[in-house]
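Residue-level structure breakdown
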Amino acid sequence: MSTEDATTSTDFVRDKVIDDCRTGKFDGRVVTRFPPEPNGYLHIGHAKSICLNFGIAQEFPGGVCHLRFDDTDPEKESMEFVEAIKTDVRWLGFDWGDHEYYASDYFEQLYEYAVKLIKDGKAYVCDLSADQMREYRGTLTEPGKPTPGRSRSMEENLDLFERMRAGEFPDGAYVLRAKVDLASPNMNMRDPTIYRIRHVSHYRAGDKWCIYPMYDFTHGQSDSIERVTHSICTLEFEDHRPLYDWFLDALEIYHPEQTEFARLNLTFTVMSKRKLLQLVEEEHVSGWDDPRMLTIIGLRRRGYTPAALRAFCKKIGITKFDGTTDIALLEHCLRDDLNKTAQRVMAVLKPLKVVITNYPDDQVEEMDAVNNPEDESAGTRKVPFTKELYIERDDFMEDPPKKFFRLAPGREVRLRYAYYITCNDVVKDEQTGEIIELRCSYDPETRGGSSPDGRKVKATLHWVSADRGLPAEVRLYDHLFKVPDPDDVEEGEDYKSNLNPNSLEVITDAVVEPSVAGLEPGTRVQFERLGYFCIDTKDSRPDALVINRTVTLRDTWAKIAKKGG
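Residues numbered from 1 in each chain as written. Predicted model: local features only at pLDDT ≥ 70, side-chain atom pairs only at ≥ 80, totals over all residues. Heavy atoms only, no water.

The subject of this paragraph is helix 5 (residues 107–119). The end-to-end C-alpha distance of helix 5 is 18 Å, a good match for the 18 Å that 13 residues give at a rise of 1.5 Å each. Buried within helix 5 we find Phe-107, Leu-110, Tyr-111, Tyr-113, Ala-114, Val-115, Leu-117 and Ile-118. Once helix 5 finishes, Gly-121 follows within two positions and takes phi at roughly 75 degrees, a positive value. (Helix = DSSP H or I, 4+ residues; strand = E, 2+ residues; numbered from the N terminus. Expected span 1.5 Å × (residues − 1). Buried < 20%, exposed > 50% of the residue type's maximum accessible area, 1.4 Å probe, protein only.)

The structure is reproduced here in structure tokens:
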């Protein structure tokens, strides 16, 4: 896309990039970066940032987006998270090419930058405890006061910093702080810590380092080393921008431009990595890939598509103001994509046996079923029809109310792709009175779903052959939380009190049509009249199918949008 083309679909971040290209800032280059910390799995909030940063790089001639791991916290990081992040970014449809970077590769350069600050009188070693440091930093209404270490000589600071690196001191004995402005109204500028001692092995650097740079000191200088042009961050970093600029100016190095946008907040979920970790560790969910989690790995397992997430990120747009998006919009984007792409199959979740009394005992007919009415090229498949079938238990009522048009005693309905049938008899369990079987008759002249005499029926039911159908475990997923804002709790409670006890229902006796046996794990389908589903990528086997409900057919967002219009 040319710079002119990019103006047709824009936001304030893209406006800034367009303007920078027009004025020749950064010599017309566009280099963005997606800089995750490899200490957890990505969630849907990260998808918004991925789509923005990689999207901008794709839209401008010669644009590049770096994938950089800001790996400065060795206690929490691992290659497991690095590989998971790379998988998620690729799955979303983006590629960083040769531009895979790690902040840990810059540790030596960052150390030299810190030494320069010390030599220039802009950094010092401090031996205050964390509590003392908070006391000396002041408050929002009172300025900070100089610590004893702030007046140390440059030579003494250099000596102490070198000894910190050499491992002479225990964790917490010293930190290196930038000497900025103790009276600044911005607390981030009141001599922030830029290095701390951590005697912890790093997953990439091993035991080479026992001092590690703080994130605020790392990411701006990493941007500079990589010659990033547009450093795009979420809104909570707006107050950190003056410090970002201060470091780059103090070091007199190449200066990228930081711009902030509002992060994604979504109803019925939490986005905090700490809270997501807590849900996993306390076993409220089965893991990071639990389909109820809005991690990218969880969404993928549930059956979400990359196209749906990209469409969602495009619809919500990029703004400067925090807000909360209704999860119904995310589900709408998913339905819109799956409606076009998912193969239709028939499945019965709560089976009720139907015996067609006038159908030949051993006869099997192959009915032609449409794979996707939205896509002619998807073709058709054969579905076996036999004397004994299953229908949904909810599709029959012995004593139906006025507006119930499905199967009832003496009533005729259409079986999808097959015949008209009429219920003649109801068989019940002698002990419990539960309906266990329906005796029906069929009209052989109605094959394909229409009658030669033109009579109409008011309902069409899905079904599965009792003889040829396959057993399956079906997991019906709902929102993990029962209220739109999980943090809206009574005093003394936390967000976990709003966990939805009905977020998962497991059906062990579902039956699906035989064609499902040939589908690969991860394949998304529409169970006709029931919703969109996905063959589970972790637990499903050819001889023991496990299928996840991705989303129901009902589109709440479409109703909201229509009402609003």
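Having seen it, we continue.
The subject of this paragraph is the packing of aromatic side chains. By the definition in use, this model includes 22 aromatic pairs. Their ring planes at 55 degrees and their centres at 6.0 Å tell us that Tyr-111 and Trp-209 sit as a pair that is tilted. Taken together, the residues Tyr-111 in helix 5 and Trp-209 in the loop between strand 6 (193–197) and strand 7 (211–213) connect sequence positions 98 residues apart. With relative accessibility at 7%, the residue Tyr-111 sits in the buried group. (Phe/Tyr/Trp six-rings, centres within 6.5 Å; stacked < 30°, edge-to-face > 60°.)

This paragraph deals with unusual backbone geometry. At Glu-252, a residue that is not glycine, the phi angle is positive and equals roughly 60 degrees. Within the element layout of this structure, Glu-252 appears in the loop between helix 9 (241–251) and strand 9 (257–261). Despite not being glycine, Tyr-417 has its phi angle at roughly 70 degrees, a positive value. Looking at where Tyr-417 falls in the secondary structure, it is placed in the loop between strand 16 (412–415) and strand 17 (420–428). Residue Tyr-417 is classed as buried on the basis of its relative accessible area of 13%.

Position of Phe-161 among the secondary structure elements: in helix 7 (residues 154–166). You can call Phe-161 buried: its relative accessible area is 0%.

Here we take up the sheet that holds strand 5 (residues 175–178). The antiparallel open sheet is built from four strands, whose spatial order is 4-5-6-7. At either end of the open sheet lies a strand with only one pairing partner, and these are strand 4 (123–126) and strand 7. The average angle at which neighbouring strand axes cross in this sheet is 20 degrees, direction not considered. Sheet analysis places strand 6 next to strand 7, joined by three bridges and oriented antiparallel. Across the sheet, the residue bridging to Tyr-195 is Pro-213, located in strand 7. (Pairing = 2+ DSSP bridges. Axes fitted to C-alpha atoms, helices over the stretch in contact; angles between N-to-C directions.)

So, on to the packing of helix 12 (residues 306–316) against helix 13 (residues 327–341). Their axes nearest at 8 Å, the elements helix 12 and helix 13 cross at an angle of 135 degrees. Taken together, the axes of helix 12 and helix 13 lie oblique to each other. For the crossing formed where helix 12 meets helix 13, the hand is right-handed. Contacts between helix 12 and helix 13 involve Ala-307, Ala-308, Leu-309, Ala-311, Phe-312, Lys-315 and Ile-316 from the first element and Leu-329, Leu-330, His-332, Cys-333, Leu-334 and Asp-337 from the second. Across the contact of helix 12 with helix 13, the residue classes break down as ten nonpolar, one polar and two charged. (Parallel < 35°, antiparallel > 145°, perpendicular 65-115°, else oblique. Left-handed = near helix turned anticlockwise from the far one by under 90°. Contact = heavy atoms within 4.5 Å. Nonpolar A, V, L, I, M, F, W, Y, C, P; charged D, E, K, R; others polar.)

What follows covers the packing of helix 3 (residues 44–59) against helix 12. Describing two packed helices takes the angle between their axes plus the distance from one axis to the other. The contact between helix 3 and helix 12 brings their axes to 10 Å, and the two run at 75 degrees. Regarding the angle of helix 3 to helix 12, the classification is roughly perpendicular. The residues of helix 12 that touch helix 3, namely those facing Ile-44, Ala-47, Lys-48 and Cys-51, are Leu-309, Arg-310, Phe-312, Cys-313 and Ile-316. Residue classes in the contact of helix 3 with helix 12 are distributed as seven nonpolar, no polar and two charged.

Turning to helix 8 (residues 215–225), a few remarks are in order. Across the eleven residues that make up helix 8, a large majority, nine, are buried. All of the buried residues in helix 8 are Asp-216, Phe-217, Thr-218, His-219, Gly-220, Gln-221, Ser-222, Asp-223 and Ser-224. Phi for Arg-227, located one or two positions after helix 8, is positive at around 55 degrees.

Turning to its location among the elements, Asn-39 is positioned in the loop between strand 1 (31–34) and helix 3. Side-chain polar atoms of Asn-39 contact the side chain of Lys-273, separated by 2.7 Å. Excluding its chain neighbours within four sequence positions, the residues that come into contact with Asn-39 are Lys-76, Glu-77, Phe-81 and Lys-273. (Polar contact = N/O pair within 3.5 Å; in protein donor to acceptor, adjacent residues only side chain to side chain.)

The next subject is the layout of surface pockets. Regions of empty space are outlined by a rolling probe, equal in size to a water molecule, passed over the atoms. Quantified by volume, the largest pocket comes out at close to 1200 Å³. Glu-37, His-46, Glu-236, Phe-237 and Lys-273 are the residues nearest the centre of the largest pocket, which is lined by 41 residues in total. Residue assignment for the lining of the largest pocket shows that the elements contributing at least two residues are strand 1, helix 3, strand 6, helix 8, strand 8 (230–234) and helix 10 (273–281). Top contributing element to the lining of the largest pocket by residue count: helix 3, with four residues. (1 Å grid on protein atoms, 1.4 Å probe; cavity = no way out; pocket = protein on both sides within 12 Å on 5 of 7 lines; lining within 4 Å. Points joined across faces, edges and corners; volume = space filled by probe spheres on them.)

Time to look at the sheet that holds strand 2 (residues 64–69). As summarised here, the arrangement of the three strands in space is 1-2-3, forming an open sheet in which the pairing is parallel. The sheet is open, and its two edges are formed by strand 1 and strand 3 (100–102), each paired on a single side. Averaged over all pairs of adjacent strands, the angle between strand axes in this sheet comes to 35 degrees, irrespective of strand direction. As judged from the three bridges shared by strand 2 and strand 3, these two strands associate in the parallel manner. Bridge assignment links Arg-68 to a residue of strand 3, and that residue is Tyr-101. Against the sheet, helix 4 (residues 79–91) makes contact with strand 1, strand 2 and strand 3, and its axis sits at roughly 155 degrees relative to strand 2, the strand it touches most.

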